[in-house]
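Summary of structural features
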Amino acid sequence: MVCSETSGKGEMQVTHTLHRLKSDLKHARESLWGQTETPPADYIIMTMACQGFNEQDSARRLKKSLALLAEHTPVNISNGEESIHTKATRKELEDNIGDTSYVAAVFDDPGLLIAALKSLAEADLGMSVVVTGNPDQTWPLIERAGLGAHTINLSLGVFGNTDSLPSSEVQALIMMCGHGLITPQLAERIIEHVAAGDMNPEEGAREMASFCTCGIFNTSVAAAILRHGLGGVSR
Amino acid sequence: MIIQDDLCVGCGECVDICPGGAIHLQEDSGAAQISQQLCLECRVCIRWDGCPTNAFQEENSLPWPRSVRRVFSDPVTTFEETTVSGRGTEEMKTNDVTHRFPPGSYGLSIDVGRPNVGAYLRDVDKITRVLAEAGADFSRNNPIFTLMTDPEKGCLSSEVLNERVLSAVVECTVTPDQLPDAIRCLQDISREIDTVFSLGFIANVTELRDREALHDLLRECGIGAENSAKINVGLGRKEP
Ligand code: SF4
Ligand code: SF4
């Protein structure tokens, strides 16, 4: 078996967006966000070509999808190896896209998800598009964008020695990096810093996001959790 | 991964950022040290810019079988056989192009060690063995498949069983008849492993009657769904 470090170009990556603790928006709205403030949503769009089928010329098409997704003000966006929160610029993200890269963007608002999906559909890039989120929300939103579900991957939960898992609040934060690169200890340290006023919630969210190389960490949700506590977030 | 003793000033800042829980401060010298048994070779520490003296140092290429740690733990390391990084394949994400999962065929993705616990490959071996018994067909492009010495029985090479990884995804397809048994086997083996796994259920829904039918199917298998899912929206085409 062989492995190599990526050069920034030419290799396909797969993120792990599926198993996240989701905000129960209705409950969250009642319990935490009051009448006026809407809790942030957690939706991820990934676009990719398929190896051995349609990867020819996909760098160009991925760059186009990066540009389209960026127009809809995602809270995180990446080329699969680096994100705006790992200190890459938009230009660097674009320059480092290869034929086997993928593009991921995180949205904190249903309207933005619909608009971004419509843009991708209109551009007709021929690449696969995958939406992660609470399916009770995302499935109707996908239909409102004029699209439908083709294949679904449903999370059935966590099994085994679950006593070894951290608190739900910490899980809700760190599971937004699907590769497990944010440790519970780091999240606890940031929670303490924010509580002590040494850091504001947005700074804490950005620090955690800097560990997520795939750029799927939702800084809006993280800042809300750091500001309000866990509240409406439920498994 | 190692920490260069002569450079480390013992500030301890790195201890909390290590996903393997592998870094500790030595009592005598106060310098940080990495447990080679616990280290996942995930490279989080070397990418991190918080060490005041850049004391982390890595080997460019790791010897076999330690090399599997990096393949499964560092998302920016690519598994060359598939050009897919880390621990899985494109599975359902490009199913609109590949039709790997036609209507009526189901997929299971078992992400062992996730979330954030890590796993020895001996626990992955326990899971692949029970899935093989349940008749599961393992994904050929997945790094775990290449570690199998006997895919029919789901046995991993004995050389890798003591390697520790951040997580490893087992991917397989099952027929509708095999699904209840495969899920029951996974529920049973979950009580015998020293880690956790996150379970995903993949279905082509192009011919689905309604969304509730999916939940009915899972209920019949004695399991429920969480409120999180990936949905492929069918925009991919075979030709670019
Ligand atoms: S951050 Fe660097 S200097 Fe500080 S304890 Fe860790 S290795 Fe040593
Ligand atoms: S490579 Fe990963 S597990 Fe090993 S010391 Fe560095 S951060 Fe910890």
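Residues numbered from 1 in each chain as written. Chains lettered and ligands numbered in written order. Predicted model: local features only at pLDDT ≥ 70, side-chain atom pairs only at ≥ 80, totals over all residues. Heavy atoms only, no water.

**Side note on the environment of A187(A)**
All names here are of chain A. The line we're drawing: Secondary structure elements follow DSSP: runs of H or I of four or more residues count as helices, runs of E of two or more count as strands, with numbering from the N terminus. Two residues qualify as a contact provided that any one of their heavy atoms is within 4.5 Å of a heavy atom in the partner residue.
Tracing the sequence through the fold places A187 in helix α7 (residues 184-195). For the pair A187 and C50, spaced 137 residues apart in sequence, the C-alpha to C-alpha distance is 35 Å. Sequence-distant contacts of A187, defined by excluding residues within four places in its chain, comprise V170, L173, I174 and M208.

**Quick word on the site of ligand 2**
As a reminder, the rule being used: Nearness here has a simple test: a residue counts as near a molecule or strand if at least one of its heavy atoms is within 4 Å of that partner. When residue character is reported, Ala, Val, Leu, Ile, Met, Phe, Trp, Tyr, Cys and Pro are called nonpolar, Asp, Glu, Lys and Arg charged, and the others, Gly included, polar.
C18(B), C39(B), L40(B), C42(B) and C45(B) are the nearest of the 13 residues found near ligand 2. For the shell around ligand 2, the per-class residue count stands at 10 nonpolar, 1 polar and 2 charged.

**What to know about the packing of aromatic side chains**
To be explicit about the condition: Any two rings among Phe, Tyr and Trp, with Trp reduced to its six-membered ring, count as a pair given centres within 6.5 Å; such a pair is stacked if its planes are under 30 degrees apart, edge-to-face if over 60, and tilted if neither. Working definition: with a 1.4 Å probe on protein chains only, accessible area under 20% of the residue-type maximum means buried, over 50% means exposed, and in between means partly exposed. The rule for a charge over a ring is simple: NZ of Lys or CZ of Arg within 6 Å of the ring centre, and within 35 degrees of the ring normal.
Scanning all chains against the criterion turns up 2 aromatic pairs over all chains. Between F159(A) and F197(B), the ring centres sit 5.5 Å apart and the planes meet at 20°, which makes this aromatic pair stacked. Residue F159(A) is located in strand β7 (residues 151-160), and its partner F197(B) is located in strand β14 (residues 196-204); the two belong to separate chains. Across the pair, exposure class does not vary: F159(A) and F197(B) are buried alike. Plain terms: the ring middles of Y106(B) and F201(B) are 5.3 Å apart, the flat faces sit at 40° to each other, and that makes the pair tilted. In this pair, Y106(B) sits in strand β7 (residues 106-112) while F201(B) sits in strand β14, placing the two residues 95 residues apart along the sequence. Take Y106(B) and F201(B): they sit in the same class, and that class is buried. The residue whose ring lies beneath R122(B) is Y120(B), and the NZ or CZ to ring-centre distance is 4.3 Å.

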